[in-house]
Amino acid sequence: MIKFFLMVNKQGQTRLSRYYEHVEINKRTILEAEVIKNCLSRSKDQCSFIEYKDFRLVYRQYAALFVVVGINETENEMAVYELIHNFVEVLDKYFSRV
């Protein structure tokens, strides 16, 4: 199950966030800061799946944009990895230069 969906730039600013479980606003900012720090600190050679607290993070980088999805342990990481790519392709077709 997907817990949240984030789009973040390289400066660490959240551009889009969608939560599928209730999370208080102050906890969201802390969660986003920690998630962003974990993803931005990794090199391109490292795996795009991260174990974080009680869930997993799946992320992809497109130029200066990171797309991060938080999932539970029963979700398939590769399926979510492809979901991210399909989502970005749809955005690119619709907005023409994502």
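Residues numbered from 1 in each chain as written. Predicted model: local features only at pLDDT ≥ 70, side-chain atom pairs only at ≥ 80, totals over all residues. Heavy atoms only, no water.

- By the naming in an unreviewed UniProt entry, the protein chain goes by AP complex subunit sigma and is assigned to Eubucco bourcierii.
- In the Subunit (unreviewed entry) part of its UniProt record, the protein chain is described as follows: "Adaptor protein complex 4 (AP-4) is a heterotetramer composed of two large adaptins (epsilon-type subunit AP4E1 and beta-type subunit AP4B1), a medium adaptin (mu-type subunit AP4M1) and a small adaptin (sigma-type AP4S1)."
- Under the UniProt heading Sequence similarities (unreviewed entry), the note attached to the protein chain is "Belongs to the adaptor complexes small subunit family." (UniProt positions renumbered as here; feature names shortened; annotations may be inferred.)

Some points on the packing of aromatic side chains
Next up, step 1: The final tally for this structure, using the stated rule, is seven aromatic pairs.
Next up, step 2: Here the aromatic rings of Phe-4 and Tyr-19 are separated by 5.8 Å at their centres, their planes lie at 35 degrees, and the arrangement is tilted. On the criterion of sequence distance, the pair formed by Phe-4 in strand S1 (residues 2–9) and Tyr-19 in strand S2 (residues 14–19) is long-range, its members being 15 residues apart. Accessibility classification places Phe-4 together with Tyr-19 in one group, the buried group. (Phe/Tyr/Trp six-rings, centres within 6.5 Å; stacked < 30°, edge-to-face > 60°. Helix = DSSP H or I, 4+ residues; strand = E, 2+ residues; numbered from the N terminus. Buried < 20%, exposed > 50% of the residue type's maximum accessible area, 1.4 Å probe, protein only.)

Here's the deal with the sheet that holds S1
Next up, step 1: Ordered in space as S2-S1-S5-S4-S3, the five strands form an open sheet in which the pairing is antiparallel. Looking at strand neighbours, the two that pair on one side only are S2 and strand S3 (49–52), the edges of this open sheet. Strand-to-strand, the axes of this sheet are offset by a mean angle of 20 degrees, without reference to chain direction. (Pairing = 2+ DSSP bridges. Axes fitted to C-alpha atoms, helices over the stretch in contact; angles between N-to-C directions.)

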